[in-house]
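If you want the building blocks of each chain, they are given just below.
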Amino acid sequence: VQLQASGGGSVQAGGSLRLSCVASESGFGIEVMGWYRERPGKHRELVANIFNGGSPNYQRSVQDRFTVSRDNAKNAVYLQMNSLKPEDTAVYYCMVGGGGVRPMKVYWGQGTQVTVSS
């Protein structure tokens, strides 16, 4: 499974960006799609995800500013980021998980840079 992410870039604080990610296939049984990020000097952390049939889950610091959504027909996941802050600067990775096994099979996109200037 290959994931192609797009939509990163540079923006001033308070601005918006929309990230998109498309998976090459869903045949392995997608259970969850979402976004993680790696901020400078930090470990990779969950930003937001959606399980099949579930409600979105958000890291507390992005709740009310970011919106994650899925288009299952397109095997796509999106992240609308509003009211961006300098601390949102990171490399953002999309992910899909599933396969009907535990631990879940997880696939990652290539990462897209988001830079927020003050």
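Residues numbered from 1 in each chain as written. Predicted model: local features only at pLDDT ≥ 70, side-chain atom pairs only at ≥ 80, totals over all residues. Heavy atoms only, no water.

It is worth spelling out the environment of Gly-8 at this point. When you line up the elements, Gly-8 lands in the loop between β1 (3-6) and β2 (9-12). As a C-alpha pair, Gly-8 and Tyr-92 span 84 residues in sequence and 8.1 Å in three-dimensional space. Setting aside residues up to four positions removed in sequence, Gly-8 forms contacts with Leu-19, Thr-112, Gln-113 and Val-114. (Helix = DSSP H or I, 4+ residues; strand = E, 2+ residues; numbered from the N terminus. Contact = heavy atoms within 4.5 Å.)

Attention shifts here to the sheet that holds strand β8 (residues 76-81). Pairing within the open sheet is antiparallel, and its 4 strands lie in the order β1-β3-β8-β7. Each edge of the open sheet carries a strand with a single partner, namely β1 and β7 (66-71). When the angles between neighbouring strand axes are averaged without regard to direction, this sheet yields 15°. (Pairing = 2+ DSSP bridges. Axes fitted to C-alpha atoms, helices over the stretch in contact; angles between N-to-C directions.)

Time to look at the environment of Leu-79. Residue position: Leu-79 is located in strand β8. Given a relative accessible area of 0%, Leu-79 falls into the buried group. In this structure Leu-79 touches Leu-17, Arg-18, Leu-19, Trp-35, Val-47, Ala-48, Phe-66, Thr-67, Val-68 and Tyr-92, once residues within four positions along its chain are discounted. (Buried < 20%, exposed > 50% of the residue type's maximum accessible area, 1.4 Å probe, protein only.)

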